Number of protein chains: 2
Amino acid sequence: MTLTFVPPAELDRIRRLDADPAARAACFADACRLNALYMIARTGSGHPGTTFSSLDVVSWLHLEVLGEGDRYFSSKGHDAPGLYAVLAALGRIDFELIHRLRRLDGLPGHPDVAATPEVVTSTGSLGMGVSKARGFVLADRLLGRAGRVYVLTGDGELQEGQFWESLQPTANRGLHEITVIVDRNEVQSDTWVSEVSDLGDLGTKAAAFGWAVAECDGHDLAALRDTLARLEGERRPRLVVAHTRKGAGVSFMEPAGRLPRSDTSLYGYHSGAPSPEEYERAVAEIRERLDGRLAALGAGPVELVEAEPQEHVSAGGGVRQQLVPVYGQALLEAAEREPRLVALDADLRYDCGLVDFRERFPERFFECGIAEQDMVSQAGTMALAGLLPVVHSFACFLSTRPNEQIYNNATERTRVIYVGSLAGLVPGGPGHSHQSVRDISALGSMPGMALIEPSSEAEVRAAVAWAVHEAPGPVYLRLVSVRWALPFEPPEVDELVPGRGTVLRTGADGLFVAAGPVMVGGAWHAADLLAREGLELGVVSLPWLRDVDGAWLAEVAGGAPIVTVDNHYLAGGQGDAVLAALAVAAPEAAARVTRIGVEEVPKSGENNETLHVHRLDGEGIAAQVRERVLARAAR
Amino acid sequence: MTLTFVPPAELDRIRRLDADPAARAACFADACRLNALYMIARTGSGHPGTTFSSLDVVSWLHLEVLGEGDRYFSSKGHDAPGLYAVLAALGRIDFELIHRLRRLDGLPGHPDVAATPEVVTSTGSLGMGVSKARGFVLADRLLGRAGRVYVLTGDGELQEGQFWESLQPTANRGLHEITVIVDRNEVQSDTWVSEVSDLGDLGTKAAAFGWAVAECDGHDLAALRDTLARLEGERRPRLVVAHTRKGAGVSFMEPAGRLPRSDTSLYGYHSGAPSPEEYERAVAEIRERLDGRLAALGAGPVELVEAEPQEHVSAGGGVRQQLVPVYGQALLEAAEREPRLVALDADLRYDCGLVDFRERFPERFFECGIAEQDMVSQAGTMALAGLLPVVHSFACFLSTRPNEQIYNNATERTRVIYVGSLAGLVPGGPGHSHQSVRDISALGSMPGMALIEPSSEAEVRAAVAWAVHEAPGPVYLRLVSVRWALPFEPPEVDELVPGRGTVLRTGADGLFVAAGPVMVGGAWHAADLLAREGLELGVVSLPWLRDVDGAWLAEVAGGAPIVTVDNHYLAGGQGDAVLAALAVAAPEAAARVTRIGVEEVPKSGENNETLHVHRLDGEGIAAQVRERVLARAAR
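None of the values given here were measured: they were computed from a predicted structure.

Student: Let's hear about the interface of chain B and chain A: which residues, and what values?
Tutor: Listed as interface residues are 93 residues of chain B and, on the opposing side, 92 residues of chain A. When the buried surface of chain B facing chain A is broken down by residue, Glu165, Glu404 and Arg438 of chain B rank first, second and third, together holding 10% of it. The tally of links between chain B and chain A comes to 6 salt bridges. The shortest N-O distance in the salt bridge between Asp374 of chain A and Arg134 of chain B comes to 2.0 Å. The tally of links between chain B and chain A comes to 50 residue pairs in polar contact (both at pLDDT 80 or more). Residue contributions to the side of chain B that touches chain A peak at 9 residues, all from helix α5 (residues 129-142) of chain B. For the side of chain B that touches chain A, the class distribution of residues is 39 nonpolar, 28 polar and 26 charged.

Next up, the structure:
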């Protein structure tokens, strides 16, 4: 696949065309579409659908609206490739960064104020946009600064309670400096917003909260200009519903006529990258339209530059594990046996492995939309009413957004199973809003809750069986989503034994303890590396993240140093749980524990480079053992 | 003060009056007012204002509306004394329980499904009501059961985003079995809802979310009857705005004409108990009205019974510490030096010690209402804009509801100070929704965040100074709110030294490590008890809840056993942090750590009885040391 992009000189030429600003901005937006698509195709992931739906609006704001002291950010954040393309085109970030989307020291998968100049706040956790805008405006007013804040939001995102929580106080304070533009592309992660959790009459709702509301076609920049102009002088905060098309500008990515209006439909271009064939078709279509638009303005066609190919770090071989699909099948089997089991989902049916469950048990599947608090509280009363609810989202969101709601349920002594996928450092592409490395800590003191993380497909099956059929209380099941190759053949697992794990290899010089395929695989690799130096370390896959059988573990270690490897911040991870269990059951073994884990905010990058920079790949783990365990033993 | 209550026979007589149901229910509600007031006065705490505003509605529902299969609960939950009075009057809970509000094995401060029959779900964390109702109805539909769900909500509570998050999906599913009654008493914790964070046009807003909406006088039960009747047959979920008066039925508790319409007003009867004089006036007023109502129905006056006096466990003497007011003064002083400091509050201005700050710096004080997520996200961008935001709520809410928002801020590498009061097991009265014993865990893996809990007024001053003027990153300041007597004279503290604490006493047989006045005081008391047995244990007040200087602590311990005492669940508390720090800096000391803390869901009770049942008073701590430390040493 040959990748091409629009170079700075061409972008400059388009920006400087002597033409109607709306027509010029439409050309600029298409040029940025080409570059955003290039970035996504080059790195192999991103969110093309929303990047394209919002790019006309984002282009217009940056070309014609934003001035000194003004701020712009996207609340949803996953349209970042579009923003980066615009900022690069305007020379506000180093143009060379477009070659490094979702790469280490490049452009993070979601905007990160600590990583990228011109990004004004970090987003990627949904629903925070209006609150963030208010903080800026209130601070500016207090500090005597002028400035407007333009916030782009998604429409699926508006299912989050925080959005509605933030509207009324913003209106009450008359913060007219704020303009929210809703990228109303009508499709969220899985499918049509109306099929997931319909928003009702958005304009009426926002107006009822005291906002000045207007609507327009978000791809008609003259209309957008006029709409924004009509809101000038308003003393209320302003909300524009910009009607857009997901994937706009690439016909096969646009859902109309292609995505059936059904809750079983799945939209194909929310996240991920196009195939080579799709990439070429998309480039051809955008280019043809852009050239036509340029010609209409009397300008020549766009000239693209061929990119150097991307270097990818090789993932290495091994036994591929795909935990989420296996989870989905195991849940289906458990549901056949357990008629009380129901599944709840927060617009991640596909990513959480629930497509088949929805097909097989439509009446036992509850799509809740992006409304995790609402989902968890209703799961609580479903459990009180006699059901066994299994609640799904990404680990980063599920463990935090409804944290108080999970505790409320736990104090009711019912059984609810929480399944958090996308756990851990990788995939590293999306960035730290999605890299869930504090879910164990956030849920670690839920009374009566078992926290489990399987390392292999076999352990997933055993974990689901235990959670559904055996667990005495609530369960948190932590799942790595990324397909991962284990450097060994994972053993069969008949059943989980509470507190205990599986001894994968033995060694007299130490014992690695870890959960999940990424860290168990990394520990195995580290053991291989250390074995070359004559050191024999064993590896235990320990799926219990909190309640560990310390006596068993001490016996397995047999007096050797214990090295815990956490796919989580060190504080509050499995290492702390191992330490605590040993302190009770085998205090002398507690003195031989070294904890390895995530020690700083996760970096966005390719999986192997992210693990490497955090020193949590095999080499990094081995190096930490040399520095911290062996050095200590030598003291 | 002589306390009186309406006995079961009198309640029966009123219930069975041959009269218009609305008039009869008004009498019943007044009788329940007398008993709710009795319960609150007897135990010395509760929420009289909202108990009284909702009691007419609650009485009507229980007398005339609820049938087989129907459920009722209060989303706000702090009106529990009214509900208990009604349930006791109807014989649905043991009448004798009215003598045991907020006492061990009595009636918890907020409804607890695990503690009280007839309570259908645990509440006290705001905004969850509609979500919970939906879970019940969806489960009932799936299980083929009929039944309606009546939910009472507050109005201040509607500032929570979850309420709005839950409305649209409930309407989309046409869950007409749900009727929400908003107890629109217009006053929240601090003052008028309109002054804290105005709700706008509630009816219009709910209707815009697809609900069938009606309004009525919530004290006119004939009107309530007619309003509910008008909504019969609706296929949409139903919301009734019941206009009520906070403290209704006790004139001096009603705000109209007494509470100025100003954001500096403070309503006096949201929580707490009446003075003896107020109690007598209130009883006289309710009784006179009730007797008049009874006479109008041709019935004789109510006969009250005098109660046996309440036994209170003595709190013991010592040096009283009141951390929150001292905190408020320290913040004020810090704000004089640091002009960038601003304070944000979530309708707990009084309880968080911010009354003087609001007076002194009105333009630097931001009242956010009961909207913690919105508050925290705006604090994040205020910090990005150059301010130093100090964010306040109760620890149980602040650490959990905006958990993802706090993380989002932390990843931006700004400085925000979070101050959570009402930390720990006591006060035990409000029950586990308010007893914050997992905030350290919930915040324990926030990158770069310092977690601090002072034990004395002197440490509060030092902690505020450190947090405002020295801290390199975000800070969580954990504050015990209850006035607490230390059994020793706390030393002066010039400044906090990161990771280190104050050695309060020494002893060769062990070292207690704790934070906060309750546990430091308990440890001291335990040390006294053990000293009588010839064992000398030292006590360290260690304000650092996560980043502990292990080398320093090991040196202080000097080879003796270390006993951590946590006002928090064992998992994820300070004990885990001590263990982790020692495992790195002094592994042999890690083998000598015993962690004591909360091991089950906190019980609601008087402070000393709650600490006692959790074995975290002096006796309990001493007993645990005998069982766990000394027994181990003897092995």
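Student: With reference to specific residues and values, describe the sheet that holds strand β13 (residues 450-452) of chain A.
Tutor: Residues and elements named next belong to chain A. The strand order β10-β9-β11-β12-β14-β13 describes an open sheet built from 6 strands, whose pairing is parallel. Two strands bound the open sheet, and with one partner strand each, they are β10 (365-367) and β13. Each neighbouring strand pair of the sheet contributes to a mean axis angle of 20 degrees, computed without reference to strand direction. Bridging between strand β11 (residues 388-394) and strand β12 (residues 417-421) involves 5 bridges; their strand directions are parallel. Within β12, the residue paired with Val390 across the bridge is Ile417. Taken strand by strand, helix α17 (residues 457-470) contacts β9 (341-345), β11, β12, β13 and β14 (475-478), and its axis lies near 165 degrees from that of β14.

Student: Got a sec to walk through the pairing of strand β17 (residues 510-514) of chain A? Specific residues and values, please.
Tutor: Residue and element names in this part refer to chain A. The element β17 is largely enclosed, with a buried count of 5 among its 5 residues. Side chains of β17 alternate between two faces, with Gly510, Phe512 and Ala514 and Leu511 and Val513 buried alike. Inspection of the sheet shows β17 paired to strand β18 (residues 537-541) by 5 bridges, in the parallel sense. Across the sheet, the residue bridging to Phe512 is Val539, located in β18.

Student: Describe the side chain of Asp155 of chain A, naming the residues involved and giving the relevant values.
Tutor: All names here are of chain A. The residue Asp155 is located in the loop between β3 (149-153) and α6 (161-172) in this model. At 3.2 Å, the side chain of Asp155 forms a polar contact with the side chain of Arg184. Polar contacts involving the side chain of Asp155 include one to the main-chain amide nitrogen of Asn185, which spans 3.2 Å. If we ignore the near neighbours within four places in the chain, the residues touching Asp155 are Val182, Asp183, Arg184, Asn185, Glu186, Val187, Val193 and Leu199.

Student: Report on the packing of helix α13 (residues 372-384) of chain A against helix α6 (residues 161-172) of chain B, specifying residues and quantitative values.
Tutor: Their axes nearest at 8 Å, the elements α13 of chain A and α6 of chain B cross at an angle of 75 degrees. Here α13 of chain A is positioned roughly perpendicular relative to α6 of chain B, judged by the angle of their axes. Contact residues: Glu372, Gln373, Asp374 and Ser377 of chain A in α13 of chain A; Gln162, Glu165, Ser166 and Pro169 of chain B in α6 of chain B. Of the residues contributing to the contact of α13 of chain A with α6 of chain B, the split by class is 1 nonpolar, 4 polar and 3 charged.

Student: Which residues make up the relation of the copies chain B and chain A, and what values do they have?
Tutor: In screw terms, the move from chain B to chain A is a rotation of 180 degrees and a rise of 0.0 Å along the axis, fitting with an RMSD of 0.0 Å. Expressed as an axis order, the relation between the two copies is that of a two-fold axis. Here 99% of the contact residues of chain B are again contact residues in chain A; the copies associate through an equivalent surface.

Student: Residues and numbers for a negative patch on the surface, please.
Tutor: On the surface, Glu470, Glu489, Glu492, Asp494 and Glu495 of chain A cluster together into a negatively charged patch. By the secondary structure assignment, Asp494 of chain A is in the loop between β15 (484-486) and β16 (502-508).

Student: Any details on helix α9 (residues 221-231) of chain A? Residues and values, ideally.
Tutor: Residues and elements named next belong to chain A. Within the sequence span of α9, burial applies to Leu221, Leu224, Thr227, Leu228 and Leu231. Projected onto a plane normal to the axis of α9, the buried residues spread over an arc of 115 degrees and lie on a single side. Where α9 is buried, its residues contact α2 (21-43), α3 (48-65), β4 (178-184), β5 (212-217) and β6 (238-243). Its side-chain oxygen at 3.2 Å from the backbone nitrogen of Ala222, Asp220 defines the N-terminal cap of α9.

Student: Please set out the packing of aromatic side chains residue by residue, giving values where relevant.
Tutor: All names here are of chain B. Scanning the model with the defined rule gives 27 aromatic pairs over all chains in all. Taking 5.5 Å as the distance between ring centres and 50 degrees as the angle between the ring planes, the aromatic pair formed by Trp164 and Phe209 counts as tilted. Remark: Phe209 occurs in the loop between α8 (202-208) and β5 (212-217) and Trp164 occurs in helix α6; sequence separation between them is 45 residues. The exposure classification of Trp164 matches that of Phe209, with both residues buried.

Student: Tell me about the confidence of the model for chain A, and please be specific about residues and values.
Tutor: Looking at chain A as a whole, its pLDDT mean stands at 97, while 99% of the residues score no less than 70. The ipTM, which scores confidence in the relative placement of chains, is 0.98 for this predicted complex, and the corresponding pTM is 0.98.

Student: Describe in detail the pairing of β12 of chain A, supporting the description with residues and values.
Tutor: Residues and elements named next belong to chain A. Counting buried positions along β12 gives 5 out of 5 residues, so the element sits mostly inside the fold. Covered by surrounding structure in β12 are Ile417, Val419 and Ser421 together with Tyr418 and Gly420, the residues of both alternating faces. Note that β12 and β14 share 4 bridges and pair parallel. Residue pairing in the sheet places Gly420 in a bridge with Arg478 of β14.

Student: Tell me what's going on with helix α19 (residues 550-557) of chain B, and back it up with residues and numbers.
Tutor: Residue and element names in this part refer to chain B. Within the span of α19, buried status applies to Gly550, Trp552, Leu553, Ala554 and Ala557. Looking at the buried side of α19, the elements it contacts are β16 (502-508), β17 (510-514), β18 (537-541), β19 (562-569), α20 (574-585) and α21 (587-590). One or two residues past the end of α19 sits Gly558, with phi positive at roughly 55 degrees.

Student: So what's going on with the sheet that holds β16 of chain A? Which residues, and what values?
Tutor: Residues and elements named next belong to chain A. Across the sheet, which stays open at both edges, the 5 strands sit in the order β16-β18-β17-β19-β20 with mixed pairing between neighbours. Bordering the open sheet on either side are β16 and β20 (593-598), each of which pairs with just one other strand. Within this sheet the neighbouring strands show an average axis-to-axis angle of 20 degrees, counted without direction.

The rules we used
Residues numbered from 1 in each chain as written. Chains lettered and ligands numbered in written order. Predicted model: local features only at pLDDT ≥ 70, side-chain atom pairs only at ≥ 80, totals over all residues. Heavy atoms only, no water. Contact = heavy atoms within 4.5 Å. Buried area = accessible area lost by both parts, 1.4 Å probe. Salt bridge = Lys/Arg side-chain N within 4 Å of Asp/Glu carboxyl O. Polar contact = N/O pair within 3.5 Å; in protein donor to acceptor, adjacent residues only side chain to side chain. Helix = DSSP H or I, 4+ residues; strand = E, 2+ residues; numbered from the N terminus. Nonpolar A, V, L, I, M, F, W, Y, C, P; charged D, E, K, R; others polar. Pairing = 2+ DSSP bridges. Axes fitted to C-alpha atoms, helices over the stretch in contact; angles between N-to-C directions. Buried < 20%, exposed > 50% of the residue type's maximum accessible area, 1.4 Å probe, protein only. Parallel < 35°, antiparallel > 145°, perpendicular 65-115°, else oblique. Least-squares fit on C-alpha atoms with pLDDT ≥ 70 in both. Patch = residues over 30% accessible without salt bridge, like charges linked within 9 Å, V, L, I, M, F, W, Y side chains within 5 Å. Areas by Shrake-Rupley, 256 points an atom, 1.4 Å probe, with all protein chains shown as cover. Lys, Arg positive; Asp, Glu negative; His and termini not counted. Charge placed at Lys NZ, Arg CZ, Asp CG, Glu CD. Arc of directions from axis to C-beta. Phe/Tyr/Trp six-rings, centres within 6.5 Å; stacked < 30°, edge-to-face > 60°. pLDDT = per-residue confidence, 0-100.

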